[in-house]
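This is what each chain is made of:
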Amino acid sequence: MFKTALRNVLSHKGRLLMTMLAVVLGTAFVAGTLVFSDSVSTAMQNSLSHNYDKVSVRVDNQAAGVERSEKNNNSAADPLTSQTLQQIAALPGTASAVGSVSGFAGLADPQGNLIGDRGATTGANWSPGSDGSDSRYPMAQGVGPTNSGQVALDKRTAEKNGFKVGDTVRLAVNGPVMQLTVSGIFTSDDPQVSTGGSLVLFDDATAQKLYSKPGQFGSIDVLAKRGTSQQALEAQVLQVIPHSANITVHTGADLAATAKTQITDATSSMKTALLFFAGIALFVGIFLISNTFTMLIAQRTRELALMRALGASRRQVTRSVLIEALLIGFSASAVGLAAGVGIGAALKAWATSSGGNIPAGGLTVSPSAVLVTLGVGTVVTALAALFPALRASRVPPVAAMSSGDQPVSQKSLAVRNSIGGVLAGLGIAVVLMGVSSGGSSGRVPVALGAMLVMVGVFVLTPLLSRPIIALTGPLFQRLFGISGKLAKQNAVRNPRRTAATASALTIGVTLITALTVIGTSITHTITQQVTANMKADYAVGMQQGYPVSPELADKLKTARGVTATSVIDSQYFKVGGKDLSVSGFDANSFDQLVAPDLQQGSSSALKQGQLLLDSDQAKNRGLQLGSSVQVAYPNGTSGTLTVGGIYAKSDLLGPALISERALAGHTSAPFYSDVLVKTDGGATTANEQALRDATGQNPLVKVQSQQQMIDHFSSVISMMLTILYALLGMAVLIAVLGVVNTLAMSVFERKRELGMLRAIGLDKRGIKRMVRLESVVIAVFGAGMGVAIGTFLAWAANGLLKSDLSGLTTVLPWGQLALFIGIGATVGLLAALWPSRSAARLDILGAIKTE
């Protein structure tokens, strides 16, 4: 039977080409994901391991860098001081000890913009030894910084932005912009640099002033003398450091192991996400593989029947077909593995070039990646061929030898339709139950229900295909004559085949539609909130979540063209033992800048020191207009506030509003998340520039108009959708191959029919048109089902997201949905080019003589 299976594979290799290609694409996705994630993980681990080559023991002050106020001023009660550094350096096992202090630094490029998409720039201290050099940062040009007016840059950042020794750069940490002179350019194996970030160096005193306190360090790295173990040095260090909960000590080996674990955990999330989409591609491939084997077996019924007549058992016939599948799956997986290595290399190169902060390094092709790729491809192919193999073994020899076409069992279709109806109905019910629950409690039911709905619809597709495709009959016949009529009849002739072909396309379109509708709905809701609740022309904030300083807020008031401003002071009260997020505004300018949708009360209540609550907070806390509320303020004091208004929930405004005057004396320190600004003439280029000038061109400051806020959020959604579309593209490509394969094999098994059509007068153009229209009908049917299912699932997902985004409603992007169906029709037309040409070129007499 093995020889028979091998012969069948070789004799039908042309018809199996598309099946093999589907397996190749799916396994290439899997292999590419594994190779890419393993390569990134290995490169980052190697980079970090070099970082600890000269660290035997590290002492960390966990409280260093924490922004101190009167409330938490004791967080550095046991700091790492210069005296601690000297004591550690004097230990008998210490070869060298270096104190470090670091934090975020906002470096501006020559155009004044913040370097790094997320401000990926770190500032640290240059700590030279007796020879005047710091071994951590070898200088390629110039010298290290020696005073507060100098800074050193890493070589990559300097080259990328055209900075040279002697240039003046603009830099901010969490205050005014500093104009600093570049004293030197250095190289480093620091992970911040090797992973694509930027690093700037200050002298010790300046770095301590910016990130800690004078004479204090955030950490101390200790190198052991030859012959002293890390554990022994650790024991010595523990004798001289302050004993405090905020001081920790770790050996270099422990730090390297922890870093490797963190990297493995981080890359595993990325790997899981990519493998999810690879799984979708393989799942789509199952439809193609199963369809191909079903058609091959239908074309070989006489051959299989002859084997049965000569003594082959059902088990042997099944085994023969499965061996074919295993051979195809293994060989295609091997090709997919090779292609996957190329995909992994391309992904790594793309991620590195696009600023993905990935260290340099070669590809890692692990034994597990090889085994998983070969195993997955082979097993998936065998499973997809299982039911066709069982079906082949159940064909009676006499019936198979008497006819090449076996009628579809109506009983089996009735059972299939019943199962599909139950699954789809149960799935819809579970989805509705999850949506009604809402929030996190509804996620599992919605996910489970979505799976049941999709499986149920796939099972029901043969039943759905007949009436839906039949609707195209009159239209196609009127537009395309006899070719249109025949195309419709061919599409519904074998509903199972049509269902399998269309379902492969449905999966990709369903996910694409769902993502598109969700993204459109969220963008629409955000846009509505910004335009409805915000009268201000600009919102001025800081990068990295830093608060706006009071000095900066005052400067904005005096900017040219400014007519009104108000800080947004973000604080937390305790009400009934629960936290309540409160936003403080300037009551005098509130009505010029903000427009809450007040359901009860008036915004003038803010001037009277009263509290405005959103409707959800009022309902959940049992409060109403005029209610008295006992609150515990952030500084520990308490008091009573009156509810002066209730407004519709808005994520832009937050759950509660109060005046800055009412907050006075009740907070430890202000936290100005943003400053709202109204300008004369609205949002104009001149007004925006005036605000930037008022901030001193600080690279950390964000100045955004309403439209810029909307555009920024829309671009984030668009970027996410683009990435997801690209990841789903492999599944759609495999679905297209399924259409091509089905049509090609359908043309082969309908040779006699096509020959008869040619003999009675249908010309080559009519044959081509018939095959192409058949393909278009199937593709549009699959795309249409995908749009319908995806819209329903998006509605369900939006129902869950309402608890996180108030006012969220499902918005259908009709133009895009129509485009998806149009793309489906185009896909069907392109997929039919080769099969239709093959059909038109058939020899009439030869086709008629085909058995």
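Please refer to the structure placed before this passage.
Anyway, here's the lowdown on the structure attached to this text. (Residues numbered from 1 in each chain as written. Predicted model: local features only at pLDDT ≥ 70, side-chain atom pairs only at ≥ 80, totals over all residues. Heavy atoms only, no water.)

**Focus: the environment of T501**
Mapped onto the elements of the fold, T501 is located in helix α17 (residues 495–533). Considered as a pair, T501 and Q544 are 43 residues apart in the sequence and their alpha carbons are 49 Å apart. The residues contacting T501, other than those within four sequence positions of it, are N291, G738, V739, T742 and I778. (Helix = DSSP H or I, 4+ residues; strand = E, 2+ residues; numbered from the N terminus. Contact = heavy atoms within 4.5 Å.)

**Regarding the sheet that holds strand β1 (residues 57–61)**
Taking strand neighbours across the sheet as the criterion, the 4 strands line up as β3-β13-β1-β14 in an open arrangement whose pairing is antiparallel. In the strand order of this sheet, the two ends are held by β3 (94–100) and β14 (247–251), each with one partner. Sheet twist, expressed as the mean angle between neighbouring strand axes with direction ignored, is 15 degrees. Pairing of β1 with β14, which is carried by 5 bridges, proceeds in the antiparallel orientation. What sits directly across from V57, in β14, is T251. Sheet strands touched by helix α3 (residues 82–89): β1, β3 and β13 (219–224). Its angle to β3, the strand with the most contacts, is close to 165 degrees. (Pairing = 2+ DSSP bridges. Axes fitted to C-alpha atoms, helices over the stretch in contact; angles between N-to-C directions.)

**With respect to the pairing of β13**
Taken residue by residue, a regular strand's side chains alternate between the two faces of the sheet. Here β13 lies mainly inside the structure; 5 of its 6 residues are buried. As defined by bridge partners, β1 adjoins β13 across 4 bridges and the pair is classed as antiparallel. Its bridge partner lying in β13, D60 is registered against S219. (Buried < 20%, exposed > 50% of the residue type's maximum accessible area, 1.4 Å probe, protein only.)

**What to know about the pattern of salt bridges**
Pairing between side chains of opposite charge can happen when the charged atoms of each approach one another. Using the criterion set out here, one finds 9 salt bridges in the structure. E688 is paired through a salt bridge with R692; the nearest N and O atoms lie 3.1 Å apart. Separated by 4 residues within a single helix, E688 and R692 lie in helix α22 (residues 685–694), roughly one turn from each other. According to the relative accessible area criterion, E688 is buried, its value standing at 17%. (Salt bridge = Lys/Arg side-chain N within 4 Å of Asp/Glu carboxyl O.)

**As for the packing of helix α16 (residues 482–493) against helix α25 (residues 764–801)**
Taken N-terminus to C-terminus, the directions of α16 and α25 make an angle of 45 degrees; their axes are 8 Å apart at the nearest point. Considering their axes alone, α16 and α25 lie oblique with respect to each other. As for how α16 packs across α25, the hand of that crossing is right-handed. Contacts from S483, G484, L486, A487, N490 and A491 in α16 reach G766, R769, M770, L773, E774, V777 and I778 in α25. Considered class by class, the residues forming the contact of α16 with α25 number 7 nonpolar, 4 polar and 2 charged. (Parallel < 35°, antiparallel > 145°, perpendicular 65-115°, else oblique. Left-handed = near helix turned anticlockwise from the far one by under 90°. Nonpolar A, V, L, I, M, F, W, Y, C, P; charged D, E, K, R; others polar.)

**A closer look at the packing of aromatic side chains**
In total, this model carries 8 aromatic pairs according to the counting rule given. For the ring pair F573 and Y633, a centre distance of 5.1 Å and an interplane angle of 85 degrees mean the geometry is edge-to-face. One end of the pair, F573, is in strand β16 (residues 562–575); the other, Y633, is in the loop between β20 (628–632) and β21 (638–647), and 60 residues separate them in sequence. The same class applies to F573 as to Y633, namely buried. (Phe/Tyr/Trp six-rings, centres within 6.5 Å; stacked < 30°, edge-to-face > 60°.)

**Considerations on unusual backbone geometry**
Even without being a glycine, Q697 presents a positive backbone phi close to 55 degrees. Take Q697: it is sitting in the loop between α22 and β24 (701–705). Owing to a relative accessible area of 28%, Q697 belongs among the partly exposed residues under this scheme.

**A word on the side chain of Q208**
Residue placement: Q208 occurs in helix α6 (residues 204–211). According to the relative accessible area criterion, Q208 is buried, its value standing at 6%. A distance of 2.9 Å separates the side chain of Q208 from the backbone nitrogen of G215, its partner in a polar contact. Once you skip the residues sitting within four places of it in the chain, Q208 turns out to touch V101, K213, P214, G215, Q216 and F217. (Polar contact = N/O pair within 3.5 Å; in protein donor to acceptor, adjacent residues only side chain to side chain.)

Shape is all these values report; function is a separate question.
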